[in-house]
Amino acid sequence: MTITRSDFLKLGLGAAAGLALGVAPRAAAAKEWKVIRVATEGAFPPYNMHAPDGRLIGFEPDLLQELSTRMNVKCEMIAQAWDGMIAGLTDGKYDAIMDALSITPKREEVIAFSRPYASAGSGFAIMKEGSIKAMPGTGTRVPLTDEAAAKKAIDELAKSLAGKTVAVQVATIQNDVLNRYFKDVLTIRTYPSGPDTFLDLKSGRVDAVMASQINIQATAKKSNGEMIQSGYLFAGGLLGLGSAVGLRKGDPELKEMFDKALKSVIDDGTLKKLALKWFEMDITPAS
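Note that this is a predicted model, so its numbers are computed, not measured.

**Q** Even after reading the chapter, I still don't get the overall build of the protein, so can you show me in this structure?
**A** Tallying secondary structure elements over the protein gives 11 helices and 14 strands in all. Here the protein holds 287 residues, and 49% of them are scored as buried. For the protein, restricting intrachain contacts to residue pairs at least 6 apart in sequence, the fraction spanning at least 24 positions comes to 70%. Total accessible area on the protein is roughly 14500 Å²; 53% of this is exposed by carbon and sulfur atoms.

Dropping the structure here:
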């Protein structure tokens, strides 16, 4: 019996019929983006924060507005709790994350990333008149990928931090660093948001905070000299390859859009201008 093309279709074998007849199946059309929902914390100054009137402001909201114009789409930024933010992305609650989200191998197993738009180190904050008077290496940046230099810096810091309690935001790269390199010499206390770590430092309930260099500088500036950054700064390794837009792996066209727009703001100096406005330093990643 001869099986016709219609027989294949009736059997639900349209793709096989197409191949049998030399007709290539039609490729799925790329999604056309008109509105992009972007999650941020709204509690990580100066990357993102809430203004007194409730608006989201900061480096990332400003950057997203610029990217929106260049991508010719409407971008809606919404505040979400940090803990569970990646799960919300993969579940389709929103389309992207802009929250100083560092590119790490662990996160790359779950989501995709745009090209990076910020590169800064991580370090420690202490109170000027607190339980820790000073830590070694202040102002020195050490890549965790340089094993010899990193070990030396970690060993020196461990002596200053021995027996102390260090605050850190939960599910962050800084928390990963503390657990990898310092957990045997100090007590790690985790918090749901970054501002809570600094509040407990100011109140004396913890001895130090580990956080992003930029976040520490912004918070210390508001303390009128009572809080300072102290000790070595770390970058690379567990701390990732810089901050980027977090995306679902199934949205390659969205990644392409963000990558193109980010390249544009980097190339024409717009990213640098925004960084100087909010950070008073250039955090543009190396190309």
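**Q** How do you make sense of the environment of Ala39 when you look at a structure like this?
**A** Its place among the elements puts Ala39 in strand 1 (residues 35-40). With 50 residues separating them along the chain, Ala39 and Leu89 place their C-alpha atoms 8.3 Å apart.

**Q** I keep staring at the nonpolar core and nothing clicks. Help me out?
**A** The nonpolar side chains of a soluble globular protein tend to be buried, and buried together. Core analysis: the largest hydrophobic core is formed by 33 residues, its most contacted members being Ile36, Phe59, Leu63, Leu67, Met98, Tyr117 and Phe258. Elements that contribute at least two residues to this core include exactly strand 1, helix 3 (59-71), strand 5 (74-79), helix 10 (252-267) and helix 11 (270-279). Broken down by element, this core gets its largest block of residues, six residues, from helix 10. Filtering out sequence-adjacent residues up to four positions away, Ile36 remains in contact with Met71, Val73, Lys74, Cys75, Glu76, Asp95, Leu254, Met257 and Phe258.

**Q** What's the story with helix 7 (residues 173-181) in this structure? I'm lost.
**A** Turn by turn, an α-helix covers 3.6 residues, leaving residues three or four places apart pointing in a common direction. Buried within helix 7 we find Ile173, Gln174, Asn175, Val177 and Leu178. Buried-residue contacts for helix 7 involve helix 5 (105-108), strand 8 (122-127), strand 10 (165-169), strand 11 (187-191) and strand 12 (208-212).

**Q** Is there a simple way to think about the packing of helix 3 against helix 10 in this case?
**A** In a pair of packed helices, the angle between the axes and the distance between the axes together describe the arrangement. Closest axis-to-axis distance for the helix 3/helix 10 pair is 9 Å, and the angle between their directions is 110 degrees. It follows from the interaxial angle that helix 3 and helix 10 lie roughly perpendicular. For helix 3 against helix 10, the interelement crossing comes out right-handed. Of helix 10, the residues touching helix 3 (which contributes Leu63, Leu64, Glu66, Leu67, Arg70 and Met71) are Met257, Phe258, Ala261, Leu262, Ser264 and Val265. Its residues assigned to classes, the contact of helix 3 with helix 10 comprises nine nonpolar, one polar and two charged.

**Q** It is not clear to me how the pattern of salt bridges should be interpreted in this structure. Could you clarify?
**A** Once the charged atoms of two side chains with opposite charge are near each other, the side chains can pair. A full pass over the atoms with the stated rule returns 14 salt bridges. The salt bridge partner of Asp95 is Arg248, with a shortest N-O separation of 3.2 Å. Linking Asp95 in the loop between helix 4 (85-90) and strand 6 (96-97) with Arg248 in the loop between strand 14 (246-247) and helix 10, this pair joins segments that are 153 residues apart in sequence. This pair shows no difference in class: Asp95 is buried, exactly as Arg248 is. Close ionic contact of Asp200 with Arg205 constitutes a salt bridge, the shortest N to O distance being 2.8 Å.

Conventions adopted
Residues numbered from 1 in each chain as written. Predicted model: local features only at pLDDT ≥ 70, side-chain atom pairs only at ≥ 80, totals over all residues. Heavy atoms only, no water. Helix = DSSP H or I, 4+ residues; strand = E, 2+ residues; numbered from the N terminus. Buried < 20%, exposed > 50% of the residue type's maximum accessible area, 1.4 Å probe, protein only. Contact = heavy atoms within 4.5 Å. Areas by Shrake-Rupley, 256 points an atom, 1.4 Å probe, with all protein chains shown as cover. Core = buried A, V, L, I, M, F, W, Y, C linked by side-chain atoms within 4.5 Å. Axes fitted to C-alpha atoms, helices over the stretch in contact; angles between N-to-C directions. Parallel < 35°, antiparallel > 145°, perpendicular 65-115°, else oblique. Left-handed = near helix turned anticlockwise from the far one by under 90°. Nonpolar A, V, L, I, M, F, W, Y, C, P; charged D, E, K, R; others polar. Salt bridge = Lys/Arg side-chain N within 4 Å of Asp/Glu carboxyl O.

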